[in-house]
Amino acid sequence: MKARARRGLAILGGLAALGIASALVLNAFRSNLVFFFSPSQIAAKEAPLERGFRLGGLVEQGSVQRSGQGLTVHFVVTDLARTVPVVYTGLLPDLFREGKGVVAQGRLGADGVFRADQVLAKHDENYMPPEAAEALEKARRGKLEVAEP
């Protein structure tokens, strides 16, 4: 085999290896990507039912119910326009409170209940994830526009 043919095969092999590596990295990235949705977006059927995502908003006042001595907690997340019931089994963050911001990661069941695998509470009085703040503001504006004829 001539040097030119060997060089061509080496370049072709390198490009094939680069393509395979790129495909594997993109596939891993896509499978680990988690999107954020507000209760209004879930009500509009924008959230995926076949995979997990993050639900964000405020914990509705008076909605937190703990089941006996177990670790299961039922609460409602709202964006002030729509609500989504959430069920979580595990230890809640210390900053988890009614009326405060929360982000729950999990899946939406066919019954409309969000089953959370992880619950994150905001870490100080002024912080809220940008996506959650934007969703709350959009919902607040939409609610005001609907309320004012």
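The structure displayed is predicted, hence computed values, not measured ones. (Residues numbered from 1 in each chain as written. Predicted model: local features only at pLDDT ≥ 70, side-chain atom pairs only at ≥ 80, totals over all residues. Heavy atoms only, no water.)

### Describing the overall build of the protein
Now for step 1: Looking only at helices and strands, the protein has three helices and seven strands in total.
Now for step 2: Put simply, the protein runs from its N terminus to its C terminus through helices and strands in the order α-β-α-β-β-β-β-β-β-α.
Now for step 3: Within the protein, buried positions represent 29% of all 149 residues.
Now for step 4: In the protein, of all internal contacts separated by at least 6 residues, the share reaching a separation of at least 24 is 49%.
Now for step 5: If you sum the accessible surface of the protein, you get close to 10,000 Å²; carbon and sulfur atoms cover 57% of it. (Helix = DSSP H or I, 4+ residues; strand = E, 2+ residues; numbered from the N terminus. Buried < 20%, exposed > 50% of the residue type's maximum accessible area, 1.4 Å probe, protein only. Contact = heavy atoms within 4.5 Å. Areas by Shrake-Rupley, 256 points an atom, 1.4 Å probe, with all protein chains shown as cover.)

### Some remarks on the nonpolar core
Now for step 1: Core analysis: the largest hydrophobic core is formed by 20 residues, its most contacted members being I42, F75, F114 and V119.
Now for step 2: Setting aside its immediate chain neighbours within four residues, V119 contacts F75, Y88, L92, P93, F96, V102, V103 and A104. (Core = buried A, V, L, I, M, F, W, Y, C linked by side-chain atoms within 4.5 Å.)

### A closer look at the packing of aromatic side chains
Now for step 1: Per the stated rule, a full pass over the model turns up three aromatic pairs.
Now for step 2: Residues F37 and F53 carry aromatic rings whose centres are separated by 5.3 Å and whose planes lie at 85° to one another, so their mutual orientation is edge-to-face. With F37 in strand β1 (residues 36-37) and F53 in strand β2 (residues 53-59), this pair connects stretches of sequence that are 16 residues apart.
Now for step 3: Accessibility expressed as a relative area gives 10% for F37, which makes it buried.
Now for step 4: Measuring from ring centre to ring centre gives 5.0 Å for F75 and F96, while their planes differ by 70°; the resulting arrangement is edge-to-face. One end of the pair, F75, is in strand β4 (residues 72-78); the other, F96, is in the loop between β5 (83-89) and β6 (101-108), with 21 residues separating them in the sequence. Each of the two residues, F75 as well as F96, counts as buried.
Now for step 5: An aromatic cluster of at least three residues, connected via ring pairs, comprises F37, F53 and F114. (Phe/Tyr/Trp six-rings, centres within 6.5 Å; stacked < 30°, edge-to-face > 60°.)

### A word on the pattern of salt bridges
In a structure, side chains of opposite charge can pair up when their charged atoms sit close to one another.
Now for step 1: Within the structure shown, the criterion is met by one salt bridge.
Now for step 2: R115 is paired through a salt bridge with D111; the nearest N and O atoms lie 2.9 Å apart.
Now for step 3: Residue classification places D111 among the exposed residues on the basis of a relative accessible area of 52%. (Salt bridge = Lys/Arg side-chain N within 4 Å of Asp/Glu carboxyl O.)

### Thoughts on the side chain of T78
Now for step 1: By the secondary structure assignment, T78 is in strand β4.
Now for step 2: A polar contact of 3.0 Å, which involves the side chain of T78, links it to the backbone oxygen of R82.
Now for step 3: Leaving out residues up to four positions away in the same chain, T78 has contacts with P39, G57, L58, E60, T83 and L136. (Polar contact = N/O pair within 3.5 Å; in protein donor to acceptor, adjacent residues only side chain to side chain.)

### Regarding a nonpolar patch on the surface
Now for step 1: Taken together, M1, L9 and L12 make up a surface patch of nonpolar side chains, about 360 Å² in accessible area.
Now for step 2: Counting through the fold element by element, L9 comes out in helix α1 (residues 3-32). (Patch = residues over 30% accessible without salt bridge, like charges linked within 9 Å, V, L, I, M, F, W, Y side chains within 5 Å.)

### Points about the environment of L95
Now for step 1: Examined against the element boundaries, L95 turns out to sit in the loop between β5 and β6.
Now for step 2: Classification of L95 as partly exposed rests on a relative accessible area of 45%.
Now for step 3: Along the sequence, L95 and A121 sit 26 residues apart, while their C-alpha atoms lie 5.8 Å from each other.

It is worth stressing that arrangement in space is one thing and function is another; only the former is reported here.
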